[in-house]
Protein chains: 2
Amino acid sequence: MPPATNGRVIFNSIPEGFPEPGKSVVYNTSETIDLEGAPLNGGFLVKTLELSIDPYMRGRMRAADIESYVDAFSLGKPLSGYGVGVVLRSENPGVKNGDHVYGFIEHVQYQILKDLSAVSVVQNPHKLPWSTFVGALGMPGQTAYMAWKEFSQAKKGETVFVSTGAGPVGSFVIQLAKLQGLKVISSAGSDEKVQFMKEIGSDVAFNYKTTNTLEVLKKEGGIDIFWDNVGGETLDAALDAAHNYARFIECGMISGYNSGDAQPMKNLFQIVAKSLSINGFIVMRLFQKYLEEFYREVPALVASGKIKHKEQRWVGLENVGEAILAVQKGQNKAKAVIHVADE
Amino acid sequence: MPPATNGRVIFNSIPEGFPEPGKSVVYNTSETIDLEGAPLNGGFLVKTLELSIDPYMRGRMRAADIESYVDAFSLGKPLSGYGVGVVLRSENPGVKNGDHVYGFIEHVQYQILKDLSAVSVVQNPHKLPWSTFVGALGMPGQTAYMAWKEFSQAKKGETVFVSTGAGPVGSFVIQLAKLQGLKVISSAGSDEKVQFMKEIGSDVAFNYKTTNTLEVLKKEGGIDIFWDNVGGETLDAALDAAHNYARFIECGMISGYNSGDAQPMKNLFQIVAKSLSINGFIVMRLFQKYLEEFYREVPALVASGKIKHKEQRWVGLENVGEAILAVQKGQNKAKAVIHVADE
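Presented here is an overview of the structure given in this document.

What counts as what
Residues numbered from 1 in each chain as written. Chains lettered and ligands numbered in written order. Predicted model: local features only at pLDDT ≥ 70, side-chain atom pairs only at ≥ 80, totals over all residues. Heavy atoms only, no water. Helix = DSSP H or I, 4+ residues; strand = E, 2+ residues; numbered from the N terminus. Buried < 20%, exposed > 50% of the residue type's maximum accessible area, 1.4 Å probe, protein only. Lys, Arg positive; Asp, Glu negative; His and termini not counted. Charge placed at Lys NZ, Arg CZ, Asp CG, Glu CD. Contact = heavy atoms within 4.5 Å. Buried area = accessible area lost by both parts, 1.4 Å probe. Salt bridge = Lys/Arg side-chain N within 4 Å of Asp/Glu carboxyl O. Polar contact = N/O pair within 3.5 Å; in protein donor to acceptor, adjacent residues only side chain to side chain. Nonpolar A, V, L, I, M, F, W, Y, C, P; charged D, E, K, R; others polar. Pairing = 2+ DSSP bridges. Axes fitted to C-alpha atoms, helices over the stretch in contact; angles between N-to-C directions. Left-handed = near helix turned anticlockwise from the far one by under 90°. Least-squares fit on C-alpha atoms with pLDDT ≥ 70 in both. Phe/Tyr/Trp six-rings, centres within 6.5 Å; stacked < 30°, edge-to-face > 60°. Lys NZ or Arg CZ within 6 Å of the ring centre and 35° of its normal.

## Considering the overall build of chain A
Tallying secondary structure elements over chain A gives nine helices and 18 strands in all. With the C-alpha coordinates of chain A rotated into their principal frame, the extents come out at 65 × 45 × 35 Å. Residues counted as buried form 58% of the 343 residues belonging to chain A. Taking the average location of the 34 positive side-chain charges in chain A and that of its 37 negative ones, the two points are 5 Å from each other.

Given below as structure tokens:
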């Protein structure tokens, strides 16, 4: 068998604003791999099936000497991120041919992994599509589930406001909140997303581009919990509309990722005045406490339809750049997934 | 005995920027009171001895229809705030002549209180000056002690940054942190204040007007706890210099009290990236949990000199406006107290 082309998505240049496909990120087919003969050196060969495209990836497109909570992408090297692959060959006793692995992998068609430090073997007893493992069962679902458990202090009858409520994290949070008997207000950037938020149970859903967030929050009587994926103006409105003792779960601040400008904030003093508690988190840091519970409970909730989810798939690694841009601009319609290959 | 003049400090107009004495606040001597004959109707007559001047008072100088965590002052009526007085006459069985009361009272020489809802009788077994009861033993000391206990999660060897560290709250926090074995960085706005912070044990003390806050925090290796009295740029620097999992105790944000402008914030995303926890509070809401413990522990610490404190006193109600302005501008040298009268 001749060597196979090994398509790769390369980090090509640091973007100043939004990352342009073909400029910040380029697809490259110059490398090949001998699928049957390439030496494994005790590792295993993985064929990529599904890759997750997430908002936080913008933060990795920076100069390598700027520190942050995740490493910068390396210029000239493939991107990496959450993904699912199938094992083609293995010399590692913990992994066998045909196993599926989930974790942090490179944006390439084929890769040889040394060990199980970045991925783990996943079971799929409910026969869910493998893309579910980068969505509701992957980082977005884990983010929603674990941070909600850790920080929400949710009580039946309270009101939560979920920003980017049609996204993979936000939509999961909406459904968790409804399962616990809360009133849910949610926002997103298109009428189609608003429709989806209503379908999954949001009591009040609105398009923040056509409706004033603060007016909605005040009209609905204020909020006890804010799930923040946005920051900026939306955070400022939530501070204004918060009840005393409200909890803010800071999951992301996408509004600032592409501008680099300072955000003008009018209502930070409400943190003092209303005794607010505001918690940021990185989901990896909650794994030890909640990962086992997550895998025990959530796959069944997803399989039974109690937690609904939705994805938008791009087919082929050559579309990674487009998908990243769509996610940064909020133009994707649901959880963004790259379907790289069938099994 | 002829009626006595009853001097009052009146809220005269809502300030736009800094509150000008004689304009926002005026001293008025038009009223009199018959100290021996004025009917008490079951209440008690209090002679004001000491009044506390605090940063939060600026927030009460607003239109009455704007909601906040403390009531607005009423135009044409006396200011109110924390103070200590001595009881001259009483028809209330809970209070007798010569008792001292501490609590929320009007900025007047004499007042008749109906009951003990706003003040309580205080004991002074260590014979501390009565002004101590509006400082280290009053709201500032309670604020420092209770919020530190509730939110700092302080561990020996950690580093705390205390803004306005020469103030009554900040200086108390510095000393609590040193008693627990932390490294303390503190800032204030004059060299005299820097000197005081060093005297009470701050390891690194600097004048934020002549030294760059962010540079100090980075040079010292970052911070685990930030005691914030300031907000704005200082908060933004602390976000930048925070370690992962740092705790921010939001006690006040004086930098925004007099401008009303939005604060440009560059580093709010660090809340997410560093898993920060940020807690605002109002000290009254912590009373139930900590007030008894406070009065059991702190008077002895103050009497023995383990907790040092310092005050700047103005003599006479006619100087309330000056003292308020000095506190808002950071020109006071220590805890601002109005000595209204001797016993």
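## Topic: the interface of chain B and chain A
Contacts between chain B and chain A engage 29 residues on the former and 29 residues on the latter. Of the roughly 2,400 Å² buried between chain B and chain A, counting both surfaces, carbon and sulfur atoms make up 63%. Its largest share of buried area at the contact with chain A, chain B owes to B:Phe269, B:Val272 and B:Arg285, together 23% of the area lost on that side. The interface formed by chain B and chain A holds zero salt bridges in total. Joining chain B to chain A, the criterion identifies eleven residue pairs in polar contact (both at pLDDT 80 or more). At four residues, strand β16 (residues 277–280) of chain B tops the list of elements feeding residues into the side of chain B that touches chain A. Residue classes in the side of chain B that touches chain A are distributed as 18 nonpolar, seven polar and four charged. Note: strand β15 (residues 263–265) of chain A against strand β15 (residues 263–265) of chain B, three bridges, orientation antiparallel.

## Concerning unusual backbone geometry
Of note, the phi angle at A:Gln153 is positive, near 45°, even though the residue is not glycine. With respect to the element layout, A:Gln153 can be found in the loop between α2 (139–151) and β10 (159–162). In the Ramachandran plot, B:Thr164 falls in the positive-phi region, its phi being about 45° despite a non-glycine side chain. Within the element layout of this structure, B:Thr164 appears in the loop between β10 (159–162) and α3 (168–179). Note on B:Thr164: relative accessible area 29%, which makes it partly exposed.

## Some remarks on the pairing of strand β16 (residues 277–280) of chain A
Residues and elements named next belong to chain A. Of the two faces of β16, both are covered, the one formed by Ser277 and Asn279 as well as the one formed by Ile278 and Gly280. Pairing between strand β14 (residues 242–250) and β16: four bridges, direction parallel. Residue pairing for β16: Glu250 is matched across the bridge by Gly280.

## Regarding the pattern of salt bridges
Residues and elements named next belong to chain B. Under the defined criterion, the tally for this structure stands at 26 salt bridges over all chains. Close ionic contact of Lys333 with Glu192 constitutes a salt bridge, the shortest N to O distance being 4.0 Å. Residue Lys333 is located in the loop between α9 (320–329) and β18 (335–339), and its partner Glu192 is located in helix α4 (residues 191–199); the two are separated by 141 residues in the primary sequence.

## Digging into the packing of helix α2 (residues 139–151) of chain B against helix α8 (residues 287–303) of chain B
All names here are of chain B. It is the contact of α2 with α8, at a shortest axis distance of 10 Å, that shows an interaxial angle of 115°. Regarding α2 and α8, the two cross each other, and that crossing is right-handed. Across from Gly141, Gln142, Tyr145, Met146, Lys149 and Glu150 in α2, the residues of α8 making contact are Phe287, Lys289, Tyr290, Leu291, Glu293, Phe294, Tyr295, Glu297 and Val298. Broken down by class, the residue content of the contact of α2 with α8 amounts to eight nonpolar, two polar and five charged.

## Topic: the relation of the copies chain B and chain A
When chain B is fitted to chain A, the best match, at an RMSD of 0.0 Å, comes from turning it 180° and sliding it 0.0 Å along the axis. Taken together, these values place the two copies in the relation of a two-fold axis. By C-alpha distance to the rotation axis, the residue of chain B lying nearest is B:Pro264, at 2.1 Å. When you check the interface residues of chain B against chain A, 100% turn up at the interface there too, and the contact is symmetric in its surfaces.

## A few points about the packing of aromatic side chains
Each aromatic ring pair is summarised here by two numbers: the centre-to-centre distance and the angle between the ring planes. Residues and elements named next belong to chain A. Using the criterion set out here, one finds 23 aromatic pairs over all chains in the structure. When the ring of Phe161 is compared with that of Phe226, the centres are 5.1 Å apart and the planes differ by 10°; the resulting orientation is stacked. With Phe161 in strand β10 and Phe226 in strand β13 (residues 223–228), this residue pair connects regions lying 65 residues apart in the sequence. Taken individually, Phe161 and Phe226 each receive the classification buried, so the pair is uniform in this respect. Through pairs of rings, three or more aromatic residues link up here, namely Tyr56, Tyr82, Tyr102 and Phe104. Across the ring face of Phe18, the terminal group of Lys329 is positioned such that the distance to the ring centre comes to 5.2 Å.

## A closer look at the environment of A:Leu79
Residue and element names in this part refer to chain A. Note that Leu79 resides in the loop between α1 (57–60) and β6 (80–90). Placed 27 residues apart in sequence, Leu79 and Glu106 show a C-alpha to C-alpha distance of 5.8 Å. Setting aside residues no more than four positions away along its own chain, Leu79 makes contact with Val9, Phe11, Val25, Met57, Phe73, Ile105, Glu106, His107, Val320 and Ile324.

## Quick look at the sheet that holds β10(B)
If you trace the twelve strands from one edge of the open sheet to the other, you get β12(A)-β11(A)-β10(A)-β13(A)-β14(A)-β16(A)-β16(B)-β14(B)-β13(B)-β10(B)-β11(B)-β12(B), paired in mixed fashion. The two strands at the open ends of the sheet, each matched to only one other strand, are β12 (204–207) of chain A together with β12 (204–207) of chain B. The sheet shows a mean angle of 15° between the axes of neighbouring strands, taken without regard to direction. With five bridges connecting them, β13(A) and β14(A) associate as parallel partners. Among the inter-strand pairings, A:Trp227 is bridged to a residue of β14(A), identified as A:Ile249. With respect to the sheet, helix α4 (residues 191–199) of chain A is in contact with β11 (183–188) and β12 of chain A, its orientation differing from that of β12(A) by roughly 170°.

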